[in-house]
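Letter by letter, the chains look like this.
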Amino acid sequence: MAVNPPTAIGMVQPYLEQIDSLLVMTVNPGFGGQSFIAETLPKIQQAYAWRRDLKLNYHIGVDGGINFKTAAECARVGADAFISGTGVFGERSLKVAVTKMRRIVTQNARTNDLDFNDQVVSAGHET
């Protein structure tokens, strides 16, 4: 009987109790401005289910192709940390873009227990 190799997300499962943050790359790493890979959404959803089921507290971050639309999609499936370069820096006002992204993420958060007001992040720096 053939055994399927674990998926990349499955490879992290044994270490979940040891981490503070899990980053899901939502593009192929390499350069900015790539399109979001929608097939990563189930990976985010799986990471969220593990965190919920195991009662863990790690953050689920997403990086790559994160704009207003994709941030909402990721928040709906459980992401709570968003790395966005082109998606916010390409906007006319960085302050307005970050405020808008925070609002969108908060409105689309998977569960009410996610509180995005705990940490204020602006232009890539925690404050």
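Residues numbered from 1 in each chain as written. Predicted model: local features only at pLDDT ≥ 70, side-chain atom pairs only at ≥ 80, totals over all residues. Heavy atoms only, no water.

Undergrad: Before we move on, could you go through the pairing of strand β2 (residues 59-63) and cite the residues and values that matter?
TA: Looking at chain direction, strand β1 (residues 21-25) and β2 are connected through five bridges and run parallel. Note that in β2 the partner of Leu22 across the bridge is Ile60. In this view, the connection linking β1 to its parallel neighbour β2 by way of helix α2 (residues 41-53) has right-handed handedness. Here β2 pairs with strand β3 (residues 81-83) via three bridges, running parallel. For Asp63, the partnering residue across the bridge sits in β3 and is Ile83. After leaving β2, the chain enters helix α3 (residues 68-77) and then returns to the sheet as β3, a path that is right-handed. (Pairing = 2+ DSSP bridges. Helix = DSSP H or I, 4+ residues; strand = E, 2+ residues; numbered from the N terminus. Right-handed = clockwise from strand over helix to strand, strands pointing away.)

Undergrad: Help me get a handle on the confidence of the model for the protein chain, residues and values and all.
TA: In this model, the protein chain carries a mean pLDDT of 86, and residues with pLDDT of at least 70 account for 82%. Looking at the elements of the protein chain, mean pLDDT is at its lowest for strand β5 (residues 125-126), recorded as 36, and at its highest for β2, recorded as 98. In the predicted structure, residues 118-127 sits below a pLDDT of 50 and forms 14 contacts with residues beyond four places in sequence or in another chain. (pLDDT = per-residue confidence, 0-100. Contact = heavy atoms within 4.5 Å.)

Undergrad: I'd like a rundown of the side chain of Glu73, residues and numbers included.
TA: Relative to the helices and strands, Glu73 is located in helix α3. Owing to a relative accessible area of 18%, Glu73 belongs among the buried residues under this scheme. For Glu73, the residues in contact, after removing those within four places along its chain, are Phe36 and Leu41. (Buried < 20%, exposed > 50% of the residue type's maximum accessible area, 1.4 Å probe, protein only.)

Undergrad: Could you give an account of the pattern of salt bridges, naming the residues involved and the relevant values?
TA: Counted by the stated rule, this structure contains three salt bridges. A salt bridge links Asp80 to Arg51; the nearest nitrogen and oxygen atoms lie 2.8 Å apart. Taken as a pair, Asp80 in the loop between α3 and β3 and Arg51 in helix α2 lie far apart in primary sequence, 29 residues in all. Arg51 shares its class with Asp80; the two are buried. (Salt bridge = Lys/Arg side-chain N within 4 Å of Asp/Glu carboxyl O.)

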